[in-house]
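What the coordinates show
Letter by letter, the chains look like this.
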2 protein chains.
Amino acid sequence: MSSPPPPEPDPARPLESSPAELRELIDRAAERVVEHVATLADQPASYRGGAEEAAAAVTEPLPQSGAPYAEVLDLVFDRALPTSFNNAGPGFLAFIPGGGLVESAVADLIGDAINRYPTVFVAAPGLYQLEANVVRWFCDLVGYPESAGGFLSSGGSQANFSAVVAARHDRLPPDFLRGTLYASDQVHHSITKAASLAGFPVENVRKVASDDGFRLDPDALREAIAADRRAGLQPFLLVASAGTTNTGAIDPLPELAEIARREELWLHVDAAYGGFFLLTERGRRRLAGIDVADSVTLDPHKGLFLPYGTGCLLARDVATLSRSHGLRAEYMPPPPDDPRRVDFCDVSPELSRGFRGLRVWLPFKLRGARAFTDQLDEKLDLALWAAEELARVEGIEVLAEPELSLVVFRRRVEGGLEERNRANRALLDAVNARQNVFITGTLTPAGEFVLRICVLNFRTHLDRVERALSDIRECLDELAGQRPSA
Amino acid sequence: MSSPPPPEPDPARPLESSPAELRELIDRAAERVVEHVATLADQPASYRGGAEEAAAAVTEPLPQSGAPYAEVLDLVFDRALPTSFNNAGPGFLAFIPGGGLVESAVADLIGDAINRYPTVFVAAPGLYQLEANVVRWFCDLVGYPESAGGFLSSGGSQANFSAVVAARHDRLPPDFLRGTLYASDQVHHSITKAASLAGFPVENVRKVASDDGFRLDPDALREAIAADRRAGLQPFLLVASAGTTNTGAIDPLPELAEIARREELWLHVDAAYGGFFLLTERGRRRLAGIDVADSVTLDPHKGLFLPYGTGCLLARDVATLSRSHGLRAEYMPPPPDDPRRVDFCDVSPELSRGFRGLRVWLPFKLRGARAFTDQLDEKLDLALWAAEELARVEGIEVLAEPELSLVVFRRRVEGGLEERNRANRALLDAVNARQNVFITGTLTPAGEFVLRICVLNFRTHLDRVERALSDIRECLDELAGQRPSA
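Here's what I pulled together on the structure shown here. Keep in mind that what you see is a predicted model, and the values were worked out from it rather than measured. (Residues numbered from 1 in each chain as written. Chains lettered and ligands numbered in written order. Predicted model: local features only at pLDDT ≥ 70, side-chain atom pairs only at ≥ 80, totals over all residues. Heavy atoms only, no water.)

**Focus: the overall build of chain A**
Scanning chain A for helices and strands turns up 16 helices and 11 strands. Relative to the compact-globule value of 23 Å for 486 residues, chain A shows a C-alpha radius of gyration of 25 Å, a close match. Expressed as lengths along the three principal axes of its C-alpha atoms, the size of chain A is roughly 95 × 55 × 40 Å. Once local pairs closer than 6 in sequence are excluded, the contacts in chain A between residues at least 24 apart make up 74%. Carbon and sulfur atoms provide 50% of the accessible area of chain A, an area that totals close to 16000 Å². Here chain A holds 51 positive side-chain charges and 69 negative ones, and the gap between their average locations is 3 Å. (Helix = DSSP H or I, 4+ residues; strand = E, 2+ residues; numbered from the N terminus. Rg over C-alpha atoms; globule rule 2.2 N^0.38 Å. Contact = heavy atoms within 4.5 Å. Areas by Shrake-Rupley, 256 points an atom, 1.4 Å probe, with all protein chains shown as cover. Lys, Arg positive; Asp, Glu negative; His and termini not counted. Charge placed at Lys NZ, Arg CZ, Asp CG, Glu CD.)

**So, the sheet that holds strand β5 (residues 266-271) of chain A**
All names here are of chain A. Strand order in the open sheet formed by 7 strands is β1-β7-β6-β5-β4-β2-β3, with mixed pairing between adjacent strands. With partners counted over all chains shown, the strands left at the sheet margins are β1 (149-153) and β3 (205-208), one partner each. Neighbour-to-neighbour, the strand axes of this sheet turn through a mean angle of 20°, independent of strand direction. The pairing of β5 with strand β6 (residues 295-298) spans 4 bridges and is classified as parallel. The residue of β6 that forms the bridge with D270 is T297. Taken strand by strand, helix α9 (residues 253-263) contacts β4 (234-241) and β5, and its axis lies near 170° from that of β4. (Pairing = 2+ DSSP bridges. Axes fitted to C-alpha atoms, helices over the stretch in contact; angles between N-to-C directions.)

**Digging into the pattern of salt bridges**
Residue and element names in this part refer to chain B. One pass over the full model with this rule turns up 84 salt bridges over all chains. When the shortest N-O distance is used, the salt bridge between D294 and R171 registers 3.8 Å. Taken as a pair, D294 in the loop between α10 (281-286) and β6 (295-298) and R171 in helix α6 (residues 156-171) lie far apart in primary sequence, 123 residues in all. Using a relative accessible area of 18% as the deciding quantity, one classes D294 as buried. Residue E378 pairs with K379 through a salt bridge whose shortest N-O separation is 2.7 Å. Here E378 matches K379 in class, with each residue buried. (Salt bridge = Lys/Arg side-chain N within 4 Å of Asp/Glu carboxyl O. Buried < 20%, exposed > 50% of the residue type's maximum accessible area, 1.4 Å probe, protein only.)

**So, the packing of aromatic side chains**
For the structure shown, the criterion picks out 34 aromatic pairs over all chains. For the pair F85 of chain A and F438 of chain A, a centre-to-centre distance of 4.4 Å together with 40° between the ring planes defines the contact as tilted. Of the two residues, F85 of chain A sits in the loop between α3 (69-80) and α4 (102-114) while F438 of chain A sits in the loop between α15 (417-433) and β10 (440-443), which places them 353 residues apart along the sequence. For the pair shown, F85 of chain A and F438 of chain A are each scored as buried. Through successive ring pairs, a cluster of aromatic residues spans F176, F200 and F236 of chain A together with F176, F200 and F236 of chain B. Across from the ring centre of F176 of chain B, 5.0 Å away, lies the NZ or CZ of R168 of chain B, which sits over that ring. The lysine or arginine in question, R425 of chain B, covers the ring of F449 of chain B, its NZ or CZ lying 4.0 Å from the ring centre. (Phe/Tyr/Trp six-rings, centres within 6.5 Å; stacked < 30°, edge-to-face > 60°. Lys NZ or Arg CZ within 6 Å of the ring centre and 35° of its normal.)

**A word on the relation of the copies chain A and chain B**
Aligned on chain B, chain A shows an RMSD of 0.0 Å; the corresponding rotation is 180° and the shift along the axis is 0.0 Å. In the structure described here, the two chain copies are related by an operation that fits a two-fold rotation axis. The C-alpha atom lying nearest the rotation axis in chain A is that of A198 of chain A; the distance is 2.3 Å. Take the interface residues of chain A: 99% of them recur as interface residues in chain B, which is what a same-surface contact looks like. (Least-squares fit on C-alpha atoms with pLDDT ≥ 70 in both.)

**Observations regarding helix α1 (residues 19-38) of chain A**
With 20 residues, α1 of chain A extends 28 Å between its outermost C-alpha atoms, agreeing within 8% with the 28 Å of an ideal straight helix rising 1.5 Å per residue. If you check which residues of α1 of chain A are buried, you get L22, L25, I26, A29, A30, R32, V33, V34, H36 and V37 of chain A. The elements touched by buried residues of α1 of chain A are α3 and α4 of chain A together with α1 (19-38), α4 (102-114) and α13 (356-367) of chain B. (Expected span 1.5 Å × (residues − 1).)

**Some points on the pairing of β6 of chain A**
All names here are of chain A. The alternating pattern of β6 places S295 and T297 and V296 and L298 on opposite faces, both of which are buried. Taken together, β5, helix α10 (residues 281-286) and β6 form a β-α-β motif whose crossover is right-handed. Pairing between β6 and strand β7 (residues 311-315): 4 bridges, direction antiparallel. In the sheet register, L298 faces β7, and the bridge partner there is C312. (Right-handed = clockwise from strand over helix to strand, strands pointing away.)

**Comments concerning the sheet that holds strand β8 (residues 396-400) of chain A**
Residues and elements named next belong to chain A. Strands sit in the order β8-β9-β11-β10 across an open sheet of 4 strands; the sheet is antiparallel. Two strands lie at the open edges of the sheet, namely β8 and β10, each paired on one side alone. For this sheet the average axis-to-axis angle between neighbouring strands, irrespective of direction, equals 40°. Bridge count between β10 and strand β11 (residues 449-454): 4 bridges; the pairing is antiparallel. Each bridged residue has a counterpart across the sheet, and for L443 the counterpart in β11 is F449. The sheet strands contacting α15 are β8, β9 (406-411), β10 and β11, and the helix crosses β11 at an angle near 30°. Along the sheet face, helix α16 (residues 462-482) touches β8, β9 and β11 and points at about 15° away from the line of β9.

**Some thoughts on the interface of chain A and chain B**
By a widely used convention, the size of an interface equals the accessible area lost when the partners come together. Contacts between chain A and chain B engage 168 residues on the former and 167 residues on the latter. For the pair chain A and chain B, the summed buried area comes to about 14700 Å², and 63% of that belongs to carbon and sulfur atoms. A per-residue breakdown of the area chain A buries against chain B is headed by L15, R116 and Y331 of chain A, which together make up 6% of the total. Viewed at the interface, chain B and chain A are joined by 12 salt bridges. D112 of chain A is paired through a salt bridge with R359 of chain B; the nearest N and O atoms lie 3.1 Å apart. Put simply, chain A and chain B have 64 residue pairs in polar contact (both at pLDDT 80 or more) between them. A per-element tally of the side of chain A that touches chain B places α1 of chain A first, with 15 residues. For the side of chain A that touches chain B, the residue count by class is 91 nonpolar, 42 polar and 35 charged. (Buried area = accessible area lost by both parts, 1.4 Å probe. Polar contact = N/O pair within 3.5 Å; in protein donor to acceptor, adjacent residues only side chain to side chain. Nonpolar A, V, L, I, M, F, W, Y, C, P; charged D, E, K, R; others polar.)

Shown next, in the form of structure tokens:
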């Protein structure tokens, strides 16, 4: 009566590994991972040449057959990996560092292998709660009330995007194209990108002048808003940076909050870099006022030293996120009965996504929050100390006292802008060529190329910052020797 | 002359683990993971009650101090995890399954621990290339030309969102609010959500009627477009589903492509569920025509059995993605010199994000593409066989021959819609109460509640599908006994 059951797949090409095979694979990977992490301090901070070769070594069409564990791991660790900026190492003082806590890596091993779906409560209530704990801890850290909530994103860009969407939905009519948003000329470009993705013309993003500390100038802001209102535009969103990527500046939050309140703008604080300094006393002082923001972006893969892949958006009233992001379908499980519980898919752009909660939760559980506080305090100390030391170096000018863990400086050179910038790029290249540390530069609003040291990797301690300073001093001397006119 | 260097963090609260500690943590996690995976077949497919208890057991404020490895792992594996839908297990036939290849979990362990930044070529050229390989393999699979490209997303929602943004940018003026998009009434709700996030009023999403095979009806589509044009609206995007979530239906791609061409609409194919059947001969036949789409969504965490967290958007001309998503800043490294290379941040919404390429690349390298083909062929066979078997069960009606690996059926019951739906929900509940398999239902456009079996977990083989069928038969008998009127 029945048709014959279908054949099994070819047993010679299994996709599922036996427990022994899985254990062997994990063991081999663990060996390489632990060895790699243990030797990070001795690995170069960046690379010199060989990019094309590294890429060519691993370029290939889709492999039809499998390869042995050892061969594949060698390809990753010995061929693809060595030629790279060493973001995980203690010498990484570039961009905004993070680090890569191996505890989070283990969390992903677990979260991926168990492959549950904690995005909605009903599908995995215990695991959902681990992620909900994390979101609540972050709300408490910001000083948010019970009404607050949010979600873990893939990074700051996604978080900032959802903030723009929430603000657009909350403050503008459906025909929103006359809506204008405000941020300093130092704001992270993900805000402009978010506005563009959300449908705004990029010219609706007003880059308001910053002061000589690179902080948004409230007077310039008030003028910009007034001018736009006169022109019939609809100011709706103010983005304050709490730790700019360029210089680590913190916009004057209380004053901006007051302007936002009076002008009825949504206030979003991009604290992707600076937010987790709220775990320290100095950070809380410097970020005072953040708790009145309508939304806040945090980046655990920055200030909590997590591997890349975890940002966070919090909203003071989580209902603003559900109104702008909530949309269900008949094939989905029902939302939680308890209104205090929010399924993450209802407040974020995603439906299926990885278990981000575990990679934040596990390090906190294993190490405790105080270990993070200690680290962040040390980073504040190190940046302050580096700024003081740099200020003493002849030929170096520190542009601004670090508000957090980022020092901006430049080589003082006679000459025009182009010549000055060339001299500073030369210093940057010389320092990076030594591969003890990796630093980057940026441009000030005036077009001045300046150098940055951002201390945020949990593996960076005094010895490496000292090394950065001695490399800078020595490179300055060398460059001065080469070009006595400088 | 120098100020004293800052103090070190309290050595009693280290954040960084020693190599021996890391190895111990990974070993303990590996033990739990391998044991969990080895016993998946014996674990219940879902849970009955206990959700509140599971959540309460792990609810706590931010822990200030750390806890021992064993205690924390017990909390995850013994308290939080058991109460959940078992998406990883062979009995998961609900929604769209995936599975959770442990090879990908190991890839994340590695990718997180090394924490490089392969999103841009210059930062990690070898690792970037691993991800670029994956994107190229997928382009080849779709049949795309050299001009194609794309990125790995967090899932299908993010991929669909970027498709809408790319289409909006490519086909509409900056004032785009009169733009209308078209999809069948079976389309995944992430399309409507994407349109809403991208700034469109949700009513601009036209849900065109589907035929009795749940496929978009081309005549209804032509009429809808014509009516909108007459009303002064601007049709710009047609979304075809290649494997709907509700019933697995594949919209008539060649006919829709022809309409899109003639009407100058962007054609996006949401192949999140069905796309990887392109690895099989039957899949290629059924998805013929997909290569002319302007963009395609694929979900490796569905058809490649990956853990949640990896979708993909491909565009026939990758420049359409850079034009709509590319935006750089002065603090970023420069884009690649080679125009054939594209930094992923320039074609996607994200800047910092995890190393998604490795979790796709590693399983392909270790197992070979043919192992995936075998699995997908088996899933097609199993669904077909299940449909045939179900069609033979008295009191069961199969609604549509499976085009892929999804069977939709219902209990045939006399009575009105409400009564029929109640009877089908009762069958669903009875089957799921046995916890051998977990299946879900959905609503047809007519409001009919129907049941679905989706075979896509790589751990699901004949024995479990047989079990699903016998559970259905037995539950039908039991329900008939309880309510002889049914």
